[in-house]
Amino acid sequence: MNLTMLYSKLHRATVTDANLNYVGSITIDENLLDAAHMRVGQKIDIVNINNGERFSTYIIKGERGKGDICLNGAAARKVHKGDKIIIIAYASMSEEEASVYQPKIVILDDDNSIEQQFTGLE
């Protein structure tokens, strides 16, 4: 049996733009992708702390070091520039893998710089 488990998350990212006229996805600064071990094309969930919206999309790579968190396409209607969001990646794991895997957690400050990072939930 496989379980869907938390793989990593970017916590309290600030939305820097919302681009309705773009093919859907979320643009994330490449430094943040590296820190959270997230990949281009990976399916993720987004939780908007400001309004409670929760939705899924996929990742596209943003320019390294700019701090971009931009919702594109239809997802742009679910956020406003300045909203705080949580970006959550999951992975399918065997019970054995899930018993030892420790998710990567990256907490961001208001300008999407890394404030804190750690591994595991406990």
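Further up the page is the structure itself.
Residues numbered from 1 in each chain as written. Predicted model: local features only at pLDDT ≥ 70, side-chain atom pairs only at ≥ 80, totals over all residues. Heavy atoms only, no water.

**So, the packing of aromatic side chains**
To be explicit about the condition: What counts as a ring pair is set by centres within 6.5 Å for rings of Phe, Tyr and Trp (its six-membered ring), and what kind of pair is set by the plane angle: stacked under 30 degrees, edge-to-face over 60, tilted for all other angles. Secondary structure elements follow DSSP: runs of H or I no shorter than four residues count as helices, runs of E no shorter than two count as strands, and numbering proceeds from the N terminus.
What the rule picks out here adds up to one aromatic pair. Judged by centre distance (5.7 Å) and plane angle (10 degrees), the rings of Y7 and Y101 are stacked. Of this pair, Y7 sits in strand 1 (residues 2-14) while Y101 sits in the loop between helix 2 (95-100) and strand 8 (104-108), and the two are 94 residues apart along the sequence.

**A short note on the environment of K61**
To be explicit about the condition: Contacts between residues were defined by any pair of non-hydrogen atoms, one from each residue, lying within 4.5 Å.
Among the structural elements, K61 can be located in strand 5 (residues 54-62). Placed 52 residues apart in sequence, K61 and K9 show a C-alpha to C-alpha distance of 16 Å. In contact with K61, other than residues within four places in its own chain, are T27, I28, E30, L33 and V40.

**Some details on the sheet that holds strand 5**
Filter applied, for reference: Strands qualify as paired when DSSP identifies two bridges or more between them. Here an axis means a line fitted to C-alpha atoms, over the contact stretch when the element is a helix, while the angle between two N-to-C directions is reported on a 0 to 180 degree scale.
Ordered in space as 2-6-3-5-4-7-1-8-9, the nine strands form an open sheet in which the pairing is mixed. Each edge of the open sheet is held by one strand with a lone partner, namely strand 2 (17-19) and strand 9 (114-119). The sheet shows a mean angle of 30 degrees between the axes of neighbouring strands, direction not considered. Pairing of strand 2 with strand 6 (residues 69-72) involves three bridges; the strand directions are parallel. Bridged to D17 within strand 6 is C70.

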